[in-house]
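Structural overview for review
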Amino acid sequence: MSDERTLDLLEAKIQELRELNKADGLELSAEISKLERKLAQLRTELYANLGDWERVRIARNPKRPYSLDYIGEVFSGFYELHGDRLGGDDRALITGLAELDGRRVVIIAQQKGRDPAENKERYFGMVRPQGYHKAVRIMRLAERFGFPIISLIDTPGAYPGLESEEKNIGGAIASSILSMLEIEVPTIAVIIGEGGSGGAVAIGAADRLLMLENAIFSVISPEGAAAILWKSKERVKEAAVALKLTAPDLLNLGVIDEVIPEPLGGAHKDVSQVMAAFKESLVRNLADLGEKSVQELLTQRYERYRKIGRYNTLSD
Amino acid sequence: MTIFKDKQYFRVNLEKEADEALWLRCKSCGELVFKKRVRENNNICPNCGEYFFLTARERIESLIDEESFEDVSKPIVADDPLGFQDEKPYPQRLEEAQEKTGLPSAIILASASISKIPVVIGVMEFQFIGGSMGSVMGEQICHGMEEAIERRCPFVLVSSSGGARMQEGAFALLQMVKTTAVRARLAKERLPFISVMTYPTTGGVQASIASLGDIIIAEKGAMIGFAGRRVIKETIAEELPKNFQTEAFALEHGMIDRVARREELRSELAAVLGFFQEGTR
Ligand SMILES: [Zn+2]
């Protein structure tokens, strides 16, 4: 049995040998490549058949690239725009102008914090009503000038609290969904980490819905489902499996359009690899949507969501 | 393929069941009250004024003109797309819910009239898995709005739901988008959508279709909000005020247009629908 710590230790050992090899001209190459093969094998064993709960943990791994990492790496010239114009600026949902492969786009993205201070500022990526109001304002801006919208989803869920309820978080989510559906520009949503419930759907009702391989998208957190349906917090692993919240599951179910591959062990294991795959997918999907007339776009978007769901039809 | 042993879809009619009890005990004042009198009194205790919990049948009966009910639902029943099993398999939960409520799903969809004004009306049944919105409810709501477009009449939705149906995973979640998409069509057709929020209107239902009414009326005693007390307590351990997520809280915070007492709901609906009706003035 191997776990992540074993891998980390082995990795460190290889690095140490490499440095020794370089510094002292020792002939350690054979030893190094043997260890590297061992490492690759262990990594495959550990990650190739990831359980759903392990995927949940990877999706929430704080080492994972966040929205701003993608924005900095894949887009150029990000120019952040603040404020909902109604008295608030939610730091858990950031918006701005940017270029993707030479094309002007508007970004709407959920952003988690990297440290306790930033998490306090960004509410751990949990969006409040003012965040969704800002999103709607920016959608209208994008529409006015014909800029496609790229939305990056990474939230445990909308912020649950008195402040949120007093400002009608449910109504804010509903308005944001409605705007996403009505907006007359191409829209692509990518779930890069956690796609938590209504808080994710609010900016996810797009022409294309993509998911990183280890991202999750769920009606409720496995913890919440375990508590409500199994009446036991210990049953999170079962809940994670039952909810079918992984990207491969959701691709199979026809809920999402595409899975963006990640390196073994998750996006944080090889960030440049995941950035490249992310960019390739985004550019390709955007080019594809760019060929459609507004009418086609809206009709296809409508049909996509009008038919979503599974039920049995019986004769009367 | 159907997951049920028997055909479980059937048209709903409002005929009374034969085995009804004659007397009810009021939870509030403890009095035994004559059921018929309670019915005639909008399901309000004649002794103390407490609201009795309404089934979807009772609710729709309390709102529409007598003899105007016609089930216009689609002949569909829930599937089990995830093969979901928690403490019991989802198909078993569905069968139990059908047995308990005598309904094929958690919503009744009918064409009817309110004060002679034709409407399409959907009423959720809270006792059917918490009135949760899965693929069937989402489809029926959409179908209801499309029927309203077809008939050129308003759409009324009476919500009583804890939110999205967890057992249908992402499919349930995306019913929020689906119902919103059709709601946008109804708006383009310039047909009114009156959303009535009752106890409870929460989660994915409150965060989508129920909050998108042209007019939103809450029944007194409703519970309205997105995240429940339990989630809020567990996530941020915040003290919540006494009136949290009541209809008064919703009114105070601008989430709804009006609050109506149960006995006023029908006349309020009639008045609002009358205002929107074409060619009446
Ligand atoms: Zn009483």
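Residues numbered from 1 in each chain as written. Chains lettered and ligands numbered in written order. Predicted model: local features only at pLDDT ≥ 70, side-chain atom pairs only at ≥ 80, totals over all residues. Heavy atoms only, no water.

1. Some remarks on the overall build of chain A
- Counting its secondary structure elements, chain A contains 14 helices and nine strands.
- Here the C-alpha atoms of chain A give a radius of gyration of 21 Å, agreeing with the 20 Å that 2.2 N^0.38 yields for 316 residues.
- Taking the principal axes of its C-alpha atoms as reference, chain A extends roughly 70 × 50 × 45 Å.
- Across chain A, contacts joining residues at least 24 apart in sequence account for 72% of those joining residues at least 6 apart.
- Surface summary for chain A: the accessible area is close to 13500 Å², and the carbon and sulfur share equals 51%.
- Of the charged side chains in chain A, 42 are positive and 48 negative, and the gap between their average positions amounts to 2 Å. (Helix = DSSP H or I, 4+ residues; strand = E, 2+ residues; numbered from the N terminus. Rg over C-alpha atoms; globule rule 2.2 N^0.38 Å. Contact = heavy atoms within 4.5 Å. Areas by Shrake-Rupley, 256 points an atom, 1.4 Å probe, with all protein chains shown as cover. Lys, Arg positive; Asp, Glu negative; His and termini not counted. Charge placed at Lys NZ, Arg CZ, Asp CG, Glu CD.)

2. Quick notes on the environment of Ala158(A)
- Mapped onto the elements, Ala158(A) comes out in the loop between strand S4 (149-155) and helix H7 (162-166).
- Along the sequence, Ala158(A) and Met180(A) sit 22 residues apart, while their C-alpha atoms lie 17 Å from each other.
- Look past the residues within four positions of Ala158(A) in its chain and what remains in contact with it is Met126(A), Val127(A), Tyr132(A), Ile169(A), Ile173(A), Gly199(A) and Phe226(B).

3. Some points on the interface of chain A and chain B
- Every contact between the two is made by 54 residues of chain A and, on the other side, 67 residues of chain B.
- Viewed at the interface, chain B and chain A are joined by four salt bridges.
- Taking the shortest distance from any N to any O, the salt bridge between Glu146(B) and Arg306(A) comes out at 2.7 Å.
- The interface formed by chain A and chain B holds 19 residue pairs in polar contact (both at pLDDT 80 or more) in total.
- Contributing elements (two or more residues each) for the side of chain A that touches chain B: H7, helix H8 (169-182), helix H9 (197-201), strand S7 (216-218), helix H10 (222-230), helix H14 (294-306) and strand S9 (311-313) of chain A. (Salt bridge = Lys/Arg side-chain N within 4 Å of Asp/Glu carboxyl O. Polar contact = N/O pair within 3.5 Å; in protein donor to acceptor, adjacent residues only side chain to side chain.)

4. A short note on the domain arrangement of chain B
Residue and element names in this part refer to chain B.
- Under the domain assignment used here, chain B contains domain 1 (23-52) and domain 2 (54-279).
- Between domain 1 and domain 2, the C-alpha centre-to-centre distance is 25 Å.
- If you sort the residues of domain 1 by the area they bury against domain 2, Asn 42, Asn 43 and Tyr 51 come out on top, with a joint share of 68%.
- Viewed at the interface, domain 2 and domain 1 are joined by one salt bridge.
- For Glu 58, the salt bridge is made with Arg 39, and the minimal N-O distance between the two is 2.6 Å.
- Joining domain 1 to domain 2, the criterion identifies five residue pairs in polar contact (both at pLDDT 80 or more). (Domains from an automatic or database assignment. Buried area = accessible area lost by both parts, 1.4 Å probe.)

5. What to know about the coordination of the zinc ion
Residues and elements named next belong to chain B.
- For the zinc ion, the full set of protein donor atoms is Cys 26 (SG), Cys 29 (SG), Cys 45 (SG) and Cys 48 (SG), and the range of their distances to it is 2.2 to 2.4 Å.
- Every donor counted, the four donor atoms about the zinc ion form angles of 104 to 112 degrees at the centre, which fits tetrahedral coordination.
- Written as a sequence motif, the donor residues of the zinc ion are C-x2-C-x15-C-x2-C. Of this pair, Cys 29 sits in the loop between strand S1 (23-25) and strand S2 (32-34) while Cys 45 sits in the loop between helix H1 (35-40) and helix H2 (56-63), placing them 16 residues apart in sequence.
- Given the relative accessible area of 30%, Cys 29 is considered partly exposed.
- We classify Cys 45 as buried; its relative accessible area is 2%. (Donors = N, O, S within 2.8 Å, 3.2 Å for Na, K, Ca; no water. Tetrahedral: all angles 85-135°; square planar, octahedral: opposite > 155°, others 65-115°. Buried < 20%, exposed > 50% of the residue type's maximum accessible area, 1.4 Å probe, protein only.)

6. Details of the pairing of strand S8 (residues 193-202) of chain B
All names here are of chain B.
- Within S8, nine of the 10 residues are buried, which leaves the element mostly enclosed by the surrounding structure.
- Pairing geometry for S8 and strand S9 (residues 215-219), over four bridges, is parallel. When the sheet's bridge partners are listed, Ile 194 is paired in S9 with Ile 215.
- Relative to strand S10 (residues 224-225), S8 runs parallel, the two sharing two bridges. Within S10, the residue paired with Thr 201 across the bridge is Ile 224. (Pairing = 2+ DSSP bridges.)

7. Digging into the packing of helix H4 (residues 67-74) of chain A against helix H13 (residues 271-290) of chain A
Residue and element names in this part refer to chain A.
- Between H4 and H13, whose axes approach to 10 Å, the crossing angle comes to 75 degrees. The angle between the axes of H4 and H13 places the two elements in the roughly perpendicular class. On H13, the residues touching Asp 69, Tyr 70, Glu 73 and Val 74 of H4 are Val 274, Met 275, Phe 278 and Lys 279.
- Split into classes, the residues belonging to the contact of H4 with H13 amount to five nonpolar, no polar and three charged. (Axes fitted to C-alpha atoms, helices over the stretch in contact; angles between N-to-C directions. Parallel < 35°, antiparallel > 145°, perpendicular 65-115°, else oblique. Nonpolar A, V, L, I, M, F, W, Y, C, P; charged D, E, K, R; others polar.)

8. Quick look at the layout of surface pockets
Residues and elements named next belong to chain B.
- Estimates place the volume of the second largest pocket at around 1000 Å³.
- Lining the second largest pocket are 45 residues, and of these Phe 53, Leu 54, Thr 55, Glu 58 and Gln 127 sit closest to its centre.
- Only S1, H1, H2, helix H3 (90-101), strand S6 (117-124), strand S7 (155-161) and S8 provide two or more residues apiece to the lining of the second largest pocket.
- Examining the composition of the lining of the second largest pocket, we find that five residues originate from one element, H2, more than from any other.
- Per-class residue counts for the lining of the second largest pocket are 16 nonpolar, nine polar and 20 charged. (1 Å grid on protein atoms, 1.4 Å probe; cavity = no way out; pocket = protein on both sides within 12 Å on 5 of 7 lines; lining within 4 Å. Points joined across faces, edges and corners; volume = space filled by probe spheres on them.)

9. Topic: the pairing of S9(B)
Residues and elements named next belong to chain B.
- Of all five residues that make up S9, five are buried, and the element is covered over most of its length.
- Alternating positions in S9 separate into two faces, Ile 215, Ile 217 and Glu 219 on one and Ile 216 and Ala 218 on the other, with burial throughout.
- Summarising the sheet, S9 and strand S11 (residues 258-260) pair through three bridges and their orientation is parallel. Within the sheet, the bridge partner assigned to Glu 219 lies in S11 and is Ala 260.

10. Some thoughts on the domain arrangement of chain A
- Assigned domains within chain A: domain 1 (4-49) and domain 2 (55-307).
- Spacing between the C-alpha centres of domain 1 of chain A and domain 2 of chain A amounts to 36 Å.

11. A closer look at the nonpolar core
- Counting residues in each nonpolar core, the largest one holds 142 residues, and the members touching the most others are Phe217(A) and Phe278(A).
- Not counting the four nearest positions on each side in its chain, Phe278(A) is found in contact with Tyr70(A), Val74(A), Phe75(A), Leu152(A), Val190(A), Ile192(A), Leu212(A) and Ile260(A).
- Formed by 28 residues, the second largest nonpolar core is a distinct cluster that contains Ile108(B), Val123(B), Ile194(B) and Ala270(B). (Core = buried A, V, L, I, M, F, W, Y, C linked by side-chain atoms within 4.5 Å.)

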